[in-house]
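Breakdown of the fold
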Amino acid sequence: MKLKIAVLAGDGIGPEIMQQGIAVMNAIAEKFNHVFEYEEALVGAHAISEVGDPYPEATHEVCMNADAVLFAAVGDLKYDNDPTSPVRPEQGLLAMRKKLGLFANVRPVATFDCLLHKSPLKDELLRGADFVVIRELTGGMYFGEKYQDNDKAYDTDIYTRPEIERILHVAFKMAQSRRKHLTVVDKANVLASSRLWRQVAKEMEPQYPDVQTDYMFIDNASMRVLTEPRFFDVIVTENTFGDILTDETSCITGSMGLQPSSSLGEHTPLFEPVHGSWPQAAGQNLANPLAQILSAAMLLEHFGLTEEGGLIRKAVDASLAANVRTPEIQVEGGEKYGTKEVGAWIVDYIKNN
């Protein structure tokens, strides 16, 4: 197979983990006789410093002309510490989602038996947890009307029926392909936008009679994700709730450095780790590349390359079992490995298995 891949490394640790993701992709291409063509483009703080725009038009053209986007992370302390800045790296990510029509973020959450001890939760709660969070990406407060002055500010949480219907279709179909259980998370007891979400979901239930559908307020869902993670199969929720909930799930995996994701919609699909840019660690060979590498696996599987994606997952599992891990998940007294060493080990595994 031949694929054109837009490479957006971004800021902070992004270039380091992207290098390992590409190395793994190249190892797969060599082993399975595929051709992966890469085109790099600017995004985030790096793009602001170069051209004054966190998602320049040239980058958008690269993404539109690609079969897939492999993305790392955006964010910089310069902007984090200046709330008055008129342009921010994260605006590039939002603009990319909007312009590519990426309305559905798919984040798998699963446990690794050898890493259960890294979670703050008890083993008996975690073992066997395996669910997917589907977050709506292009609506809600992040994109609604905004206002701010010295005394007042507001963000409008707006959703339309078509926006809700299309993300719910993705969620119902995902549930059909898994264990046929969908949980719709909202705040319908308080928010009008959530009441519309719940109304539309209930109207759509008869279209998917094989799916057991239940409803949960976000506060209850936030608690039960940590106390009953095995209850869930597929969760679907709006933009803001999904952003918070999916970061919370890092307590289940033991590290955000283990969580990949995909963003799907109208145009080029995007694959990215869920963690941020961690600018404090940039250039120190500390960052965990596994979420980036697993995002590459999701990219391949999206195009039907299930054996290739499976080999990457097998290599990741093997690296963890062999204690080839970056510091935040290494066992006490274990050998020290950095970003480059973990990536190289996984590449070697792919080449020899």
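A brief structural summary.

What counts, and at which threshold
- Residues numbered from 1 in each chain as written.
- Predicted model: local features only at pLDDT ≥ 70, side-chain atom pairs only at ≥ 80, totals over all residues.
- Heavy atoms only, no water.
- Core = buried A, V, L, I, M, F, W, Y, C linked by side-chain atoms within 4.5 Å.
- Buried < 20%, exposed > 50% of the residue type's maximum accessible area, 1.4 Å probe, protein only.
- Helix = DSSP H or I, 4+ residues; strand = E, 2+ residues; numbered from the N terminus.
- Contact = heavy atoms within 4.5 Å.
- Pairing = 2+ DSSP bridges.
- Axes fitted to C-alpha atoms, helices over the stretch in contact; angles between N-to-C directions.
- Polar contact = N/O pair within 3.5 Å; in protein donor to acceptor, adjacent residues only side chain to side chain.
- Phe/Tyr/Trp six-rings, centres within 6.5 Å; stacked < 30°, edge-to-face > 60°.
- Lys NZ or Arg CZ within 6 Å of the ring centre and 35° of its normal.
- Salt bridge = Lys/Arg side-chain N within 4 Å of Asp/Glu carboxyl O.
- Right-handed = clockwise from strand over helix to strand, strands pointing away.
- 1 Å grid on protein atoms, 1.4 Å probe; cavity = no way out; pocket = protein on both sides within 12 Å on 5 of 7 lines; lining within 4 Å.
- Points joined across faces, edges and corners; volume = space filled by probe spheres on them.
- Nonpolar A, V, L, I, M, F, W, Y, C, P; charged D, E, K, R; others polar.

With respect to the nonpolar core
- Core analysis: the biggest nonpolar cluster contains 47 residues, and Leu299, Ile312, Ile346 and Ile350 have the highest contact counts within it.
- Every element with two or more residues in this core is listed here: β1 (2-10), α1 (14-32), β3 (68-73), α12 (290-302), α13 (306-321) and α14 (339-351).
- Broken down by element, this core gets its largest block of residues, nine residues, from α1.
- Apart from residues no more than four positions distant in its own chain, Ile312 is found in contact with Val24, Ile28, Ile293, Ala296, Ala297, Leu300 and Ile350.
- Of all hydrophobic cores here, the second largest spans 23 residues; its members include Val132, Tyr159, Ile164 and Val211.

Points about the sheet that holds strand β12 (residues 270-273)
- Pairing is mixed across the open sheet formed by ten strands, whose spatial order is β2-β1-β3-β12-β11-β4-β5-β10-β8-β9. In this open sheet, the two strands that pair with only one neighbour each are β2 (35-40) and β9 (212-217). The sheet shows a mean angle of 25° between the axes of neighbouring strands, direction not considered.
- Inspection of the sheet shows β1 paired to β2 by six bridges, in the parallel sense. Its bridge partner being in β2, Leu3 is matched across the sheet by Phe36.

Digging into helix α10 (residues 239-248)
- Most of α10 sits out of view: seven of its ten residues are buried.
- Where α10 is concerned, the buried positions are Asn239, Thr240, Phe241, Gly242, Leu245, Thr246 and Glu248.
- For α10, the N-terminal capping position is held by Glu238, with its side-chain oxygen 2.8 Å away from the main-chain nitrogen of Thr240.

Digging into the packing of aromatic side chains
- By the definition in use, this model includes six aromatic pairs.
- Members of the aromatic cluster, joined through ring pairs, are Phe131, Phe231 and Phe232.
- The lysine or arginine in question, Lys98, covers the ring of Phe143, its NZ or CZ lying 4.9 Å from the ring centre.

Some remarks on unusual backbone geometry
- The backbone of Lys180 sits at a positive phi, close to 65°, despite the residue not being glycine.
- With respect to the element layout, Lys180 can be found in the loop between α7 (161-177) and β8 (181-186).

Notes on the environment of His302
- Relative to the elements of secondary structure, His302 occurs in helix α12.
- If near-sequence neighbours (up to four positions away) are discounted, His302 is found in contact with Leu264, Pro269 and Phe271.

What about the pattern of salt bridges?
- Inspection of the entire model under this criterion finds 16 salt bridges.
- The closest approach of N and O atoms between Asp247 and Arg107, which form a salt bridge, is 3.9 Å. Placement of the pair is Asp247 in helix α10 and Arg107 in strand β4 (residues 104-110), with a sequence separation of 140 residues.
- Its relative accessible area of 33% is what places Asp247 among the partly exposed residues.
- The salt bridge involving Arg198 is made with Asp186; its shortest N-O contact spans 2.9 Å. Of this pair, Arg198 sits in helix α8 (residues 192-204) while Asp186 sits in strand β8, placing them twelve residues apart in sequence.
- In this structure Asp186 comes out as buried when scored by relative accessible area, which is 1%.
- One salt-bridge network, held together by shared partners, links Asp130, Arg178, Arg179 and Asp233.

Notes on the pairing of β1
- Within β1, seven of the nine residues are buried, which leaves the element mostly enclosed by the surrounding structure.
- Each parallel crossover has a hand, and for β1 linked through α1 to β2 it is right-handed.

What to know about the layout of surface pockets
- Quantified by volume, the largest pocket comes out at close to 660 Å³.
- In this structure, the largest pocket is lined by 31 residues; those nearest its centre are Met256, Val274, His275, Gly276 and Ser277.
- Only β3, α5 (89-100), α10 and β12 provide two or more residues apiece to the lining of the largest pocket.
- Considering each element in turn, the lining of the largest pocket owes the most residues, four residues, to α5.
- Among the residues forming the lining of the largest pocket, the class breakdown is 14 nonpolar, seven polar and ten charged.
- In this structure, the second largest pocket spans a volume of roughly 510 Å³.
- What lines the second largest pocket is a set of 24 residues, and nearest its centre among them are Pro108, Pro260, Met298, Glu301 and Arg313.
- If you list the elements that add at least two residues to the lining of the second largest pocket, you get β4, β5 (130-136), β11 (260-264), α12 and α13.

So, the side chain of Ser295
- Among the structural elements, Ser295 can be located in helix α12.
- The buried category is assigned to Ser295, whose relative accessible area is 0%.

So far we have only geometry, and geometry alone does not tell us how the molecule works.
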